[in-house]
Amino acid sequence: MKKSLRKSGIDIIGDVPWGTHICQFYQTKEDFMDTLVPYFKTGLENNEFSMWITSGPLEVEYAKESLRMTVPDIDSYLKKRTNTNYSRQSVLCRRGRF
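Residues numbered from 1 in each chain as written. Predicted model: local features only at pLDDT ≥ 70, side-chain atom pairs only at ≥ 80, totals over all residues. Heavy atoms only, no water.

Enquirer: Quick rundown of the overall build of the protein chain? Include the residues and the values.
Expert: Along the protein chain, the regular secondary structure elements total four helices and four strands. Along the protein chain, helices and strands appear, N-terminal first, in the series β-β-α-β-α-α-β-α. Excluding contacts between residues fewer than 6 apart, the proportion of contacts in the protein chain whose partners are at least 24 apart in sequence is 57%. (Helix = DSSP H or I, 4+ residues; strand = E, 2+ residues; numbered from the N terminus. Contact = heavy atoms within 4.5 Å.)

Dropping the structure here:
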């Protein structure tokens, strides 16, 4: 049975089967964003739900602003809850504890 492919938004990877796991090593925050922003942009354009859990030096507002540079209507996606951004702490910790 032939698997259908979906666009990853990552040029070097191209189209991938649904459920593909991708691991990225990066040196700078910019390297990280150069991969994640196109990945999320492509998912949003294809009406896929996306959840971005941020941590460390990359916080929620930075992630939103980075997306806003290439997805000008990101607020409409956020309003529809197609894209959701959370801090790692708000997802993993309850009452300040893991």
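Enquirer: Give me the side chain of Ser 8: which residues, what numbers.
Expert: Mapped onto the elements, Ser 8 comes out in the loop between β1 (5-7) and β2 (15-17). Since its relative accessible area comes to 1%, Ser 8 is described here as buried. A distance of 2.6 Å separates the side chain of Ser 8 from the backbone oxygen of Gly 14, its partner in a polar contact. Beyond its immediate chain neighbours, meaning those up to four positions away, Ser 8 contacts Ile 13, Gly 14, Asp 15, Val 16, Pro 38, Tyr 39 and Thr 42. (Buried < 20%, exposed > 50% of the residue type's maximum accessible area, 1.4 Å probe, protein only. Polar contact = N/O pair within 3.5 Å; in protein donor to acceptor, adjacent residues only side chain to side chain.)

Enquirer: Please give an account of the pattern of salt bridges that cites residues and values.
Expert: A full pass over the atoms with the stated rule returns five salt bridges. The partner of Glu 48 in a salt bridge is Arg 6, and the shortest N-O contact between them spans 2.6 Å. With a gap of 42 residues between them, Glu 48 in the loop between α1 (29-45) and β3 (50-54) and Arg 6 in strand β1 connect regions that are remote in the sequence. Like Arg 6, Glu 48 is buried. One salt bridge connects Glu 45 with Lys 41, and the closest N-O pair in it is separated by 2.7 Å. Taken together, the residues Glu 45 and Lys 41, both in helix α1 and four residues apart, mark about one turn of the helix. Overall, Glu 45 belongs to the partly exposed group, its relative accessible area being 48%. (Salt bridge = Lys/Arg side-chain N within 4 Å of Asp/Glu carboxyl O.)

Enquirer: Report on α1, specifying residues and quantitative values.
Expert: Along an α-helix, residues three or four apart share an orientation, since each turn contains 3.6 residues. For α1, spanning 17 residues, the distance from its first C-alpha to its last is 24 Å, which sits close to the expected 24 Å at 1.5 Å a residue. Phe 32, Met 33, Leu 36, Val 37, Phe 40, Thr 42, Gly 43 and Leu 44 are the residues of α1 that are buried. Phi turns positive, to about 55°, at Asn 47, one or two residues after α1. (Expected span 1.5 Å × (residues − 1).)

Enquirer: Can you explain the packing of aromatic side chains? Please cite residues and give values.
Expert: Scanning the entire structure with this criterion turns up two aromatic pairs. Ring centres of Tyr 39 and Phe 40 lie 5.6 Å apart, and the angle between their planes is 85°; on these two criteria the pair is classed as edge-to-face. Residue Phe 40 is classed as buried on the basis of its relative accessible area of 7%. In this structure, Lys 29 is placed above the aromatic ring of Tyr 62, and the distance from its NZ or CZ to the ring centre is 4.3 Å. (Phe/Tyr/Trp six-rings, centres within 6.5 Å; stacked < 30°, edge-to-face > 60°. Lys NZ or Arg CZ within 6 Å of the ring centre and 35° of its normal.)

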